[in-house]
Amino acid sequence: MKLLLISAILIYSVLLSIPANSFTLLAENLQWLWLVIPLFLVVNLFAGFFITKTRFKRIRACSHGNVLLASFLLVIPISVAYHIVLAFYTIPDDYTTFLWSILLCTGVETIIFWNGIICLYMTSFQIGMKYRIIGIICGLIPGLNVIALSVILFKTFNEVFVELDKEKLNKSRKEQKVCQTKYPVLMVHGVMFRDFKYLNYWGRIPSELETNGAKIFYGNHHSASSVHASAEELTERIKTIVNETGCEKVNIIAHSKGGLDCRYAISNFDAAPYIASLTTINTPHNGCEFADYLLTKISPKLQNRVAKTYNGTLKRLGEPNSDFLAAMNNLTASACKQLNEELSIPEGIYCQSIGSVLVKAKSGKFPLNLSYRFVKHFDGPNDGLVSKKSFEWGEKFTLVEPKKKCGISHADIIDLNRENIRGFDVREFYVELVNDLKERGL
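Not measured: the values here are computed from a predicted model.

Focus: the packing of helix 1 (residues 2-20) against helix 4 (residues 57-90)
Helix 4 packs onto helix 1 with a crossing angle of 55° between their chain directions and a minimal axis gap of 8 Å. Overall, the two elements helix 1 and helix 4 adopt an arrangement that is oblique. When you trace helix 1 past helix 4, the crossing you get is right-handed. From helix 1, Leu-5, Ile-9, Leu-10, Tyr-12, Ser-13, Leu-16, Ser-17 and Ala-20 reach across to helix 4, where they touch Ser-63, Val-67, Leu-68, Ala-70, Ser-71, Leu-74, Val-75, Ile-78 and Ser-79. Of the residues assigned to the contact of helix 1 with helix 4, the class counts are 12 nonpolar, five polar and no charged.

So this is what it looks like as structure tokens:
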């Protein structure tokens, strides 16, 4: 595939250099327009589309942008060399021809560039806001613009290759349905988030699981409520799923505070008979000492003001019973200690926990890169919010340790940023997790 793309880029570079440097040809005979214009349009519209064989339009469009911009970079030296030669033949006798040729070349190159960069900015997950801004800032600075574009292309080409490999892998195991568990999977979000159809809290994970045979449901509970209120809400959600589908039970995968909510639902409500397994992801089972510190140092007046703003905003968005302060207080080390004393160990339910840590602050995205140092001061190694010592619970504990020393943040572990992390394939991690549930007969 890589060799095919390289060949395509070289071919498209040659094809695009023709309209870019065609002024002298057109000046002699305008009939060449019948070749130049269709050639220019075909390359601009279809470069890379038919090379990247995938069912995903986003990846085809991203590949299209990659091929155009890589060709754009190669056409520049070709055009420079051509105009150096042209200058010897036209200057000083014919400045007009030289200037019009430069103008046409610049126009063609500009269209190629904007076509490609818009495709990448609209379709790529991996360049993120950081490199989009860098690209805009460096765009008008000679030298830096080429470097910035090269970095962006490195990331987006790699993105295409990763997605193509992922699609090939899923196609090869399609018949195995490795994630088709006996009971469906219920994914439960953490605090300050909601389940949205077009902005999935779990990133690319649910679609990956569904591609491999899983049946996915979501908690659909409030973004910020006490553990008690969230547990009650989740219990009703679980019963609704069981009653409407006849599935008998669900396998829960819960992130952050969602893990505490589910434990409470099992212990203090009547959710236990409907739960086959509970997997907690980066859940603060022992709370966060940093949260205790903040709630004692921040004045009650400021706390109430923040809570009022949050609750009011969510109410306008259709969430009438948000309780920001209750949710935050339930995450303190003192509150979780009391919670652990109250909650019983569920019997007949397979329970496991998963955690991850950052290696250094800059490995996390904003704002976790800022909070990491503060949490480390109070709680030790952490994922930007929750400490390593707070993760462990249940029959089995797994600490995610990627081969590269980048670490996995509180957001990375649920693919919130849709980022391909070197040494850690988050989608495949969840495929293996759910496949293990399947192997256990769950």
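What to know about the packing of aromatic side chains
The final tally for this structure, using the stated rule, is 10 aromatic pairs. Note on Trp-202 and Tyr-430: the rings are 6.3 Å apart at their centroids and 80° apart in plane angle, and the pair reads as edge-to-face. Here Trp-202, found in the loop between strand 1 (185-188) and helix 8 (205-211), pairs with Tyr-430, found in helix 16 (residues 426-439); they are 228 residues apart in sequence, far enough to count as distant. Assessed through its relative accessible area of 0%, Trp-202 is described here as buried. Assessed through its relative accessible area of 0%, Tyr-430 is described here as buried. The rings of Phe-193, Tyr-201, Trp-202, Phe-424, Phe-429 and Tyr-430 are connected pair by pair, giving a single aromatic cluster. Lying over the aromatic face of Phe-125, Arg-58 brings its terminal NZ or CZ to 3.9 Å of the ring centre. The residue whose ring lies beneath Arg-132 is Tyr-121, and the NZ or CZ to ring-centre distance is 5.6 Å.

Regarding a nonpolar patch on the surface
Together, Leu-30, Leu-33, Ile-37, Leu-41, Val-42, Leu-45 and Phe-46 line one region of the surface with nonpolar side chains, adding up to about 630 Å² of accessible area. With respect to the helices and strands, the residue Leu-30 is situated in the loop between helix 2 (23-28) and helix 3 (33-46). Looking at Leu-30, the relative accessible area reads 58%, which means it is exposed.

A look at empty space enclosed by the protein
For the structure shown, the criterion picks out three cavities of 30 Å³ or more. In this structure, the largest cavity occupies an estimated 40 Å³ of space. Taken together, Asp-412, Asp-415, Asn-417, Arg-418, Glu-419, Ile-421, Phe-424 and Val-426 make up the full set of residues lining the largest cavity. When its residues are assigned to classes, the lining of the largest cavity shows three nonpolar, one polar and four charged.

Considering the state of the cysteines
In total, this model carries zero disulfides according to the counting rule given. Of all cysteine sulfurs in the structure, the one in Cys-288 sits closest to Cys-336, which takes part in no disulfide; the separation is 7.0 Å. The class of Cys-336 is buried, set by a relative accessible area of 1%.

A look at the layout of surface pockets
Its volume calculated, the second largest pocket comes out at about 960 Å³. Lining the second largest pocket we find 34 residues, and of these Arg-55, Phe-56, Ser-207, Glu-208 and Thr-211 sit closest to its centre. Counting residues per element, the ones that place at least two in the lining of the second largest pocket are helix 4, helix 7 (144-172) and helix 8. Tallying contributions element by element places helix 7 first for the lining of the second largest pocket, with nine residues. Its residues assigned to classes, the lining of the second largest pocket shows 10 nonpolar, six polar and 18 charged.

A closer look at unusual backbone geometry
Of note, Glu-248 is a non-glycine position whose phi angle comes to about 75°, a positive value. With respect to the helices, strands and loops of the structure, Glu-248 is situated in the loop between helix 9 (227-245) and strand 3 (250-255). The exposed category is assigned to Glu-248, whose relative accessible area is 52%. Even without being a glycine, Asn-282 presents a positive backbone phi close to 50°. Among the structural elements, Asn-282 can be located in the loop between strand 4 (275-281) and helix 11 (289-297).

Cut-offs applied
- Residues numbered from 1 in each chain as written.
- Predicted model: local features only at pLDDT ≥ 70, side-chain atom pairs only at ≥ 80, totals over all residues.
- Heavy atoms only, no water.
- Axes fitted to C-alpha atoms, helices over the stretch in contact; angles between N-to-C directions.
- Helix = DSSP H or I, 4+ residues; strand = E, 2+ residues; numbered from the N terminus.
- Parallel < 35°, antiparallel > 145°, perpendicular 65-115°, else oblique.
- Left-handed = near helix turned anticlockwise from the far one by under 90°.
- Contact = heavy atoms within 4.5 Å.
- Nonpolar A, V, L, I, M, F, W, Y, C, P; charged D, E, K, R; others polar.
- Phe/Tyr/Trp six-rings, centres within 6.5 Å; stacked < 30°, edge-to-face > 60°.
- Buried < 20%, exposed > 50% of the residue type's maximum accessible area, 1.4 Å probe, protein only.
- Lys NZ or Arg CZ within 6 Å of the ring centre and 35° of its normal.
- Patch = residues over 30% accessible without salt bridge, like charges linked within 9 Å, V, L, I, M, F, W, Y side chains within 5 Å.
- Areas by Shrake-Rupley, 256 points an atom, 1.4 Å probe, with all protein chains shown as cover.
- Salt bridge = Lys/Arg side-chain N within 4 Å of Asp/Glu carboxyl O.
- 1 Å grid on protein atoms, 1.4 Å probe; cavity = no way out; pocket = protein on both sides within 12 Å on 5 of 7 lines; lining within 4 Å.
- Points joined across faces, edges and corners; volume = space filled by probe spheres on them.
- Disulfide = S-S within 2.5 Å.

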